[in-house]
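In case you want the letters, here they are:
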Amino acid sequence: MKHDLFIVRHRKWFIALPVVMAVLMLLPLMKAHINPDLMDYLPEDMVSKVNLDRLEAVFGKYDPVLVLFSGEDVLRAGTLERMRLLNQTFRQSDKIDQVISLFELKNIRSEAGSMVVDPVVQSIPNTVSGREILRQSVRTNPLVYKLLVSKDFKHCLMLLNPAPKVPDKELVLFIRHVLKQYPGPEQVLVSGQPTLRYEIQRIAMRDLMILMPLGLIIMLLTLFLSFREQKGVLLPFSVVCMSIAVAMGLMPLLGFDFSLIAVLVPVLMIAIANNYGVHLITRYQELNAVHPRWGMKRIVNESVRKLYTPIILTALTTIVGVLGLLSHLLIPPRQMGIVTAAGILFALLTSLTFIPAVMSGVPKGQTSIHFGEKPTGWMGHFLAWTGRVSTGKPWMVILVFTLLVAGAGAGLSKLQVAINLEEMMPASSDLRQTMGLLNDHFGGTKSISVLFTGDIKSPRVLKEIDSFEKRAAQLPEVSNVTSLATVIHTISRSMNNPGMPGYDRIPEERQAIAQYLELYTMGGDPEDLERLVDFDYTNSVATVQFKAENFSSFKQTESGIRTIAATLPSCRLIAGQSLVEETLSAAIIKGQISSLLFALGSIIFLLWLIFRSFKAGLIGAIPLAVSLVANFGLMGWIGLRLDIATSLLSSIAIGLGVDYTIHLFWRINHELQHGKDWEDAIAYTLRSTGRGIAVNAFSVMAGFAVLLFSGLTILKAFGYLIIFSLLLCLLCALVLIPAILQLNRPSFLLKSTKAQL
Amino acid sequence: MKRLYSITSIGITGFCKIHRSLLCLKIRRNTWLAGILLLLAGLSQAHAQQAKDIARRSYDVISLESMEMKATLSIYDSKNHVRTRNISNVTKTFDGVIKTKLTCLAPPDVAGTTMLIFDYPDKDDDMWIYLPSLRSTRRIVSREKKSSFMGSEFSHADMSKPNLDDYTYSLLGSKDIDGKDCWMVEAVCKSGAVTEANGFNRKLAYIDKKSGLAYRMDYYKADHVWTKTMILKDYRKVSGESNFACYMEMQNR
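Here we summarise the structure given alongside this text. (Residues numbered from 1 in each chain as written. Chains lettered and ligands numbered in written order. Predicted model: local features only at pLDDT ≥ 70, side-chain atom pairs only at ≥ 80, totals over all residues. Heavy atoms only, no water.)

Across the boundary between the two partners, chain A contributes 43 residues, which contact 41 residues of chain B. Taken together, the two surfaces of chain A and chain B that pack against each other cover about 3,600 Å², and 49% of this comes from carbon and sulfur. By the criterion of area lost to chain B, the three top residues of chain A are Q92(A), M522(A) and F535(A), representing 24% of everything that side buries. A salt bridge links E518(A) to R85(B); its shortest N-O distance comes to 2.7 Å. Taken together, chain A and chain B are joined by twelve residue pairs in polar contact (both at pLDDT 80 or more). Contributing elements (two or more residues each) for the side of chain A that touches chain B: α3 (47-59), α4 (77-92), β2 (96-100), β3 (106-111), β4 (114-119), α17 (484-495), α18 (510-523) and α19 (526-530) of chain A. With eleven residues, the single largest contributor to the side of chain A that touches chain B is α18(A). (Contact = heavy atoms within 4.5 Å. Buried area = accessible area lost by both parts, 1.4 Å probe. Salt bridge = Lys/Arg side-chain N within 4 Å of Asp/Glu carboxyl O. Polar contact = N/O pair within 3.5 Å; in protein donor to acceptor, adjacent residues only side chain to side chain. Helix = DSSP H or I, 4+ residues; strand = E, 2+ residues; numbered from the N terminus.)

Pasting the structure below:
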C-alpha cells in the first residue's frame, strides 16, 4: 500500500539488520574482563591517589591479607600451636612474601642488664603461669598490643603480605586451603584488600550469570501477564536481548573494563529497553479492540505514526538522564552512562523499526482487552479510581503527597555516605565481620600515613617524628601511632637502665641514632624497619590508626592530623588507602549532586522544548523531585548510606520517571484537542495511556527486582531504592500530576503539538 | 636484592676449623666396582653416604684455627642503592669455644660499634655489643640464628658452623659452575626445628670435584620454593693447606 510506512515496505531489512548487529556485538565479549580493583575506578590525577602512589613508590605496595583468630583466649597453647603451624606453612609458600604474626615480630626488652631480642612467642607456654608471663610481655610491647592482639586477648591477627604478581584468587584460595588443613575451635576470618577484590569479582561474575537470565524470565512473565499474547511477549523481549548484546559488547569495544557496577548494565537494559515496544503493543491492542475490522498493517501504521514522537521524546529524556552520569568523578559510572545511553538508543531504533516490521507480517491476535466505558480487571479499576480521585479531590491528593514528601524528606538530614568499601559485602561475610571486630577490638580500620623526608638519622628530624607520634596519639578516635620513633624508644629502653639520661628518649646525637639502628639490624630483623624507613634513611613514614563511624568523624581526625603535620617542616605528604576511600565518598556526594542537577535541568529544558512551555518543565519535574526527596529521605530514616551504586540513582530514576509524565501530557493534549473537557480528558487518558504507563512501570520495576538477588549489598539496596523511586514516579504520574492539571489547567496542554495521536 | 660484595684483605694466624656455611668435600675411593648385584635401596643408600661424604669433605677443606680479616660488606636494594660497611673480624677458638670480635670501621657514624660473640658447641651463643655513643657494653640475648647478619641477606646461620647431622643428603648429579666440574649435593633439613632455626628447608651445594670447595649454594623453602643463592669465589690458600673464599655474594628474589 502506498500509505504503508517505509519500515513496513522494507520490512525484511529492518528485521535482519538489528539481529546481525546484535550477534556481531557479542564477539567483543569474548575478551571482556572484570576489574574489581576500586583504585582503578578513580581518575589518575586524583590527589589522594597520586599521594598514595608516591608513598608506594618509596615503601612498596602494602596489600596484606588479614587472618583474624577469635577465641576465649588467643594465648591458649592449642591456639598458639595452630597459629605456629599456619605461620610456618605460610612462610614456606612462594605466594607469600612476608608473614607478620606473634611468631615473627620481635620483643626487644631490657632484662637483668641485657638486651633481649626474641620473637614475641619464643615458646608456647603450657602452664597458666607461663601464659600470664607471655600476656604481660605482650602488654608491654607497643608493636603488638592492640595492633596484633586485642586488648581482651580474645582476638589475634596474622598479616600475610603477598609475593609480587600473585593473582588475588590464587592467594585467597591458597590461604583458605591452608586454614582448612589446620582446623581448630577458634573462629577464623579472612579479609584485607586482596580478599575484597577477589570477592567482588566472584560475586559480580555470579551476579552476571544469574541476574541476567532471572531478569529476562521475570520480564517474560510480566509481559505475558500484561498482554497475554505471543507477539506482546516475544517482540519486546527480542528488543531487550539485542539491546543487552549491544550495550555489553560496546564495553570491551571501547576499552572499558567491567567494573562491579557493570552488573547493572544488563539489568538496566532489561528494565528500560522494553519501554518503547510496550507502548506500541498497548496501542496495537487498543486499536484492535476499538477497530476489530482493521488489518494488521493498518494498525501498525497508525500505531507508529501516533506514537513515534512521544516514544522518541521519552527515549531522549531517558538518554539525557542517563548521560548525567558523565559528570560523575568516578570512571565506571561515566562508562556506564555511555554504554547504557547507546543501548537505549539501539532499543529505541529497534522498537520503532524491528517491532513494526515483524508485526506487519504476522496475523492479528484475539482481542484480550475490552475498551468500553466500564473498567475491567484490577488495573482497569485502579486506573478508574485514579481518574476519580485526581479530578474529584485534587486538593486532597496534593495534601497527601505534600505530607508524604515532608515526612520522608525529614530523613534527608540523617543521610550519610559510606566510607568503608567492605560495606558493599553482605553482613555475614568475613570482610564485614572483620571490619566490625577491628573497629571494636583493634582501634579501628582506618589509617593515614605521614611521610617525613630528610636525614632521618638526625635528631631534629627524628624528634619531629616523635612529636608527631605523641600529638597524633592524643586525637580522639586515634588508637595507635607507629613510627621509627617507636623503635628508637624501644631500643633506648633496652640499652639504658631506668633513670639513666638516655632511657626511653630520642638521642641528642646523630651517631647514637645511627648506632641504635645498626644494633637493630644486628640483633633484630631489618625487615621490621622496611615499613618505617627506606633503605638510605631519607624517608620515614608514621602511620596513624583510628576509628571513623562516618564521614564527618573521619574528616575530623584527618583535619587533626593535617594540622599537626603542618607544624613539622620535615613532613612532605599525607597519604593512605583511607584517604582514597574518603575521596571516593566525597566523589559520591559530588557525583550525586552534579548528575542530579544535570539530569533535572536537562529534563526541564527538554520538556520546555517539547511543549514550548517552562511550566511544562516544572510540572513534569514534580514527580522526579518527589521521588528523589522521598527516596533519599527514606535512606536517611533506615540508615542506608550513599555509596557507589546508590549514587547512580538520581540520573537513572530521573531518566526513567519522566517518561510517564510525557506520555500523560501527550495523550491529555490529544484528548483536549479533540474536544473533551479537562475532567473527561484526564479520565480517558488514565484509562488508555495510563494502562501503557502502568505496564511500562511495572515491567521496569520487575526488571530491577532481580537486583534483590544480588550477592552485593550495594546492588541489593540499589534495587530496592530504584523500585521505590519508580513506584513514586508512577503514582505521581497517575494521581498527583492529573490532580495538578485539573486545578491548574495549564495552557500548554491546549496548544496543538506537531504529531497527533 | 642484597649482596655481600667483597672481602678485601685477610690476615690469618694459626690453623683451626672455621665456622662457615660452606660444605666441605672429602674424597672417597670407589670400592664397590667389583659389586655385581645392585639393590635399589642399597644404591640410594650408597649415594646418600657418598653425598654426605662429599659434604664432609667440603666442610673439612676449610680449616682455620684462628683468623683476622678486614672485609667490606655491601648491601644493595632493588633500586641499586648501596649501604656499605667496612668491618674487621677476629676469630679464635679457646677450649672448643669460638670467640669472634666484629668491629665496624666505617662509615663514621657507626665506626667503633663492636660485637663480641662466643659460639658454644652445646648451647646458645653469648653476644655483647659496644656502642661508642653510649660508651657502654650491653649483653644481647638473641636465639634467632635465621635472623639477618648486619642487615644483609646473610643470616647468622649462614655465617656459623652447620651441624652435618641435621641434614639428609642426596647426590643429584654434576654441573659446570664457572668452568669447574661440580657435584650437586642436596641437603634437606631433617626436622621442622632445623628448618625454623636455619630459615630454609633445603640447600643445594655445588662442590668442585677436584678441590672439594663449594662455589654455589641455592637455598629453598618447602615445595622447592627458591629463596636465595650464595656464590663463592676467589678462594685463596691461607696458612698452608686451608682455603678461604675471599668473595661471597648472596642474592635473594
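Still to come is the rest of the account.
Looking at the secondary structure, you find R85(B) in strand β3 (residues 82-94). Sequence separation between R85(B) and G151(B) is 66 residues, and the spatial gap between their C-alpha atoms is 10 Å. Those residues in contact with R85(B), other than ones at most four positions away along the chain, are E518(A), A71(B), T72(B), L73(B), C104(B), A106(B), P107(B) and V110(B). A polar side-chain atom of R85(B) sits 2.7 Å from a polar atom in the side chain of E518(A).

The next thing to look at is the pattern of salt bridges. All names here are of chain A. Summed over all chains, the structure comprises 40 salt bridges over all chains. Its salt-bridge partner being R493, residue D504 comes within 2.8 Å of it at the nearest N-O pair. Here R493 lies in helix α17 and D504 lies in the loop between α17 and α18, a separation of eleven residues in the sequence. Judged by relative accessible area, which is 32%, D504 ranks as partly exposed. Here R493 falls in the partly exposed class, since its relative accessible area comes to 26%. Connected through salt bridges with shared partners, the residues R283, E286, R667, E671 and K676 form a single ionic network. (Buried < 20%, exposed > 50% of the residue type's maximum accessible area, 1.4 Å probe, protein only.)

By themselves, these figures tell us nothing about what the structure is for.
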